[in-house]
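For reference, the chains in residue letters:
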Amino acid sequence: MDATAFRTAAVQLIDFITDYQENIRSRPVSPSVSPGYLRHLVPASAPQHAETWDQLMPDIERVIMPGMLHWHSPQFHAYFAGATSYPSILADMLTDALGCMGISWASAPVLTELEVLVMDWLGQMLQLPDEFLFSSGKGGGGNIQGSACESTLITMLAARARAITRLRSERPELSEADISGRLVGLTSDQAHSSVARAGLLAGLRVRPVRSNTRNALTGEAVEAAVAEELAAGNIPFFVAATLGRTASCAFDHLRDVGAVCARRALWLHIDAAYAGPAFICPEFRPLLDGVELADSFNMNPHKFMLTAHDCSTLWVRRATDLTDVFHVDAKYLATARNSMPSFRHWAIQLSRRFRALKLWFVIRLYGVEGIRSYIRQQVSLAKEFERLVRSDRRFEVAAPAVLGLVCFRLRDKEFGNSLTDALLSRVNAARRVHMIPSMLRGGTQYVIRFVVCSRYTELRDVQLAWSEVQRHADQLLAQPERVVRAKARWGAVRAATGLGLLRHTNMALFERWNSTDSSSSAGEVHPDQLLFECSALDSEASDSESEPEPPPDGALPTQEPDPAGTEPPTKESGDAADEENMHRDAQSDVVSALASCEL
Ligand code: PLP
């Protein structure tokens, strides 16, 4: 492609992008293709000779669009937002065009310097403690990672190194291997799977700690878990707290958890992947109180700050916690030291994209006030959806809208889970809106997650989503045979969960709703998704149907300790062989029950 052809194609593509964005509401939000659909539309092998842009361009509509779940449709209410905006798209174009590699300051001086600048800007916007900003000169700073997952892994590894150094200086007789084998990280039992995964990748054990009935991790629970681990001869070293949990947008009790970490010399990492950008608004900033006790803080502009994937911002209190650990320099990388950070020592990859450009564009072209008003608008739409749910007595709000997420379900003391599951199946099958479920209360309470994701979502879209939910609820509840089948199916799921057969109820459900295979029905859960390892069952939780008290309208969640006696009971361990047989029998019952219970 020469410059003339590029110019022509670029103009056409910009037109396409703009039309796609502006007319996105006219496309069905979810696709109706089956796995493998693409193979039928494209040749099996690569073209031997160059094609023209005119040959390729129509295939965007013919090949790509049919397989799109439109994340920026105003009717997309699933997961969390995957942000984008015109400024961010422009910046990514420029990044690709500049094509520089941030290996060291010398390899791309502006890349490093702009990243330092925007991370300080953003840190100031969030009112992070001074120690986290380069400009304070106190040793901390931030950088852009690819994802919240990477940030958790990086900080866990840094925490491991810090713990080993400290313990070896206190007890030189211990080897690194002695210590490493006994290290344990702690996080909530409802933390994002990335924390458990970081543990797997790092070869470190991560203990899930029970959340309270409001889905939050408390200082008391962390303290108790730490004491138990120490008594067992293990060494707690790292706590990952979440602000804005994926399933419910719950907020861990940061101050209390932080106080335990300070007392016990544990690294406190804050995962605020989704909620973080909201703290730019002064009214949400109190949710971040306690960050002054943290060693690291991460949030994703690529979720809630109009910046396209990937852009996950990580700040650390002491940069040397990273640079001392991840510092390996080949001869060909050596450059004269200067006052600028070498971000290759802060991350997994050596060469980094010029991602700071998109933050710079977004912050400048929206302004801090523009970003705030975008966030406030998303939150107010979620609150409107919550109001609509509360106005219909058949429904209950399981997790109120603190930010852009509302968790709700059909009220039914005994069969709320099955009915809500069946309802979501019908809503999504109609393809006018798209939502996914999650499980709250220790995996016992099935809820539908409604998230305001798109910057195009307006009041009419929230009303559309609610009218779809009501319409399908009317139909479902008017068909007793469907209700019976839904109940039977959920009975099997619940039995499996109670017996510890469903480790990943959440995962199985997410995968099912994630499937864009229009031929798959709600009853078709692959048996493999249901297999469970008994050892992974931390505890069973009660199936209490009572709704948690929502905070008063507009109030932020409080950090009171969980009232005594409301925590679910702990599972007693039984005879291993009996349990194993019981599990095997129940597992096959469940699989056949699920197979026969098509909705
Ligand atoms: N942490 C939380 C709380 C999340 O909600 C998510 C994703 O939704 C993640 C981590 C993972 O984010 P990423 O895809 O940037 O790794």
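The rules behind the values
Residues numbered from 1 in each chain as written. Predicted model: local features only at pLDDT ≥ 70, side-chain atom pairs only at ≥ 80, totals over all residues. Heavy atoms only, no water. Helix = DSSP H or I, 4+ residues; strand = E, 2+ residues; numbered from the N terminus. Buried < 20%, exposed > 50% of the residue type's maximum accessible area, 1.4 Å probe, protein only. Contact = heavy atoms within 4.5 Å. Areas by Shrake-Rupley, 256 points an atom, 1.4 Å probe, with all protein chains shown as cover. Axes fitted to C-alpha atoms, helices over the stretch in contact; angles between N-to-C directions. Left-handed = near helix turned anticlockwise from the far one by under 90°. Nonpolar A, V, L, I, M, F, W, Y, C, P; charged D, E, K, R; others polar. Core = buried A, V, L, I, M, F, W, Y, C linked by side-chain atoms within 4.5 Å. Near = heavy atom within 4 Å. Polar contact = N/O pair within 3.5 Å; in protein donor to acceptor, adjacent residues only side chain to side chain. Phe/Tyr/Trp six-rings, centres within 6.5 Å; stacked < 30°, edge-to-face > 60°. Arc of directions from axis to C-beta. pLDDT = per-residue confidence, 0-100.

Novice: Could you clarify how one ought to interpret the overall build of the protein in this entry?
Specialist: Helices and strands together make up the secondary structure of the protein, namely 18 helices and eleven strands. Counting all 599 residues of the protein, 52% fall into the buried class. Put simply, of all contacts in the protein between residues at least 6 apart along the chain, 75% involve residues at least 24 apart. Surface summary for the protein: the accessible area is close to 26,100 Å², and the carbon and sulfur share equals 56%.

Novice: Just checking my understanding: could you explain the packing of helix α12 (residues 356-390) against helix α14 (residues 459-477) for this structure?
Specialist: Each pair of packed helices can be summarised by the angle the axes make with each other and by the distance between the axes. Look at α12 against α14: their axes get within 10 Å of each other, and the N-to-C directions meet at 30°. For α12 against α14, the interelement crossing comes out right-handed. Within the contact between the two elements, α12 uses L381, E384, F385, L388 and V389 and α14 uses L459, V462, A465 and W466. Looking at the contact of α12 with α14, its residues break down into eight nonpolar, no polar and one charged.

Novice: Would you explain the nonpolar core in this entry?
Specialist: One recurring pattern in soluble globular proteins is that nonpolar side chains are buried together. F279, F297 and L403 are the most contacted members of the largest nonpolar core, which totals 80 residues. Among the elements that make up this core, the one with the highest residue count is α12 (ten residues). Once residues lying within four places of it in the same chain are set aside, the contact partners of F279 are M125, L126, L243, F251, A272, F284, R285, L287, L288 and F297.

Novice: Where do I start with the site of the ligand in this structure?
Specialist: Close contacts around the ligand come from 14 residues, with A148, C149, T246, D271 and N300 the closest. The contact in question runs from an oxygen atom of the ligand to an N or O atom on the side chain of K303, over 3.3 Å. For the ligand, whose accessible area on its own is 400 Å², the fraction buried by protein is 87%. Elements supplying a minimum of two residues to the shell around the ligand: α5 (148-170) and α10 (301-304).

Novice: For this particular structure, what's the right way to read the side chain of R449?
Specialist: When you line up the elements, R449 lands in strand β11 (residues 445-451). Separated by 2.8 Å, the side chain of R449 and the backbone oxygen of Y79 make a polar contact. Separated by 2.9 Å, the side chain of R449 and the backbone oxygen of T246 make a polar contact.

Novice: When you look at the packing of aromatic side chains in this model, what are you seeing that I'm missing?
Specialist: Geometrically, a pair of aromatic rings is defined through the distance of the ring centres and the angle of the planes. Per the counting criterion, the structure on display carries 17 aromatic pairs. Consider the rings of F80 and Y274, whose centres lie 3.8 Å apart with planes at 0°: the pair is stacked. A residue pair is termed long-range when its members are at least 10 positions apart, and F80 in the loop between α2 (53-64) and α3 (86-98) and Y274 in the loop between β5 (267-272) and β6 (296-299) qualify at 194 residues. According to the relative accessible area criterion, F80 is buried, its value standing at 6%. Look at Y274 and you get buried, because its relative accessible area is 1%. With a centroid separation of 5.8 Å and an interplanar angle of 45°, the aromatic rings of F134 and W346 are classed as tilted.

Novice: Mind showing me how you'd approach helix α7 (residues 193-202) here?
Specialist: Within α7, the full set of buried residues consists of S194, V195, A198, G199 and A202. Within α7, the buried residues cover an arc of 150° as seen down the axis, which keeps them to one side. Facing away from the buried surface of α7 by more than 90 degrees, the exposed residues are S193, R197, L200 and L201. Buried residues in α7 make contact with α5, β2 (183-188), β3 (205-209), β4 (235-242) and β5. Looking one or two residues past α7, G203 carries a phi angle of roughly 70°, positive in sign.

Novice: Could you clarify how one ought to interpret the confidence of the model for the protein in this entry?
Specialist: Low pLDDT means the predicted atomic positions in that stretch should not be read closely. Of all residues in the protein, 79% attain a pLDDT of 70 or more, and the chain-wide mean is 83. Considering only residues more than four positions removed or in separate chains, one finds that residues 559-575, a stretch of pLDDT under 50, has 31 contacts. Across residues 585-599 the pLDDT falls below 50, and counting only partners more than four positions away or on other chains, this stretch makes 30 contacts in the model.

Novice: Help me understand the environment of R449 in this model?
Specialist: A relative accessible area of 1% means that R449 is categorised as buried. With 42 residues separating them in the primary sequence, R449 and C407 have C-alpha atoms 4.6 Å apart.

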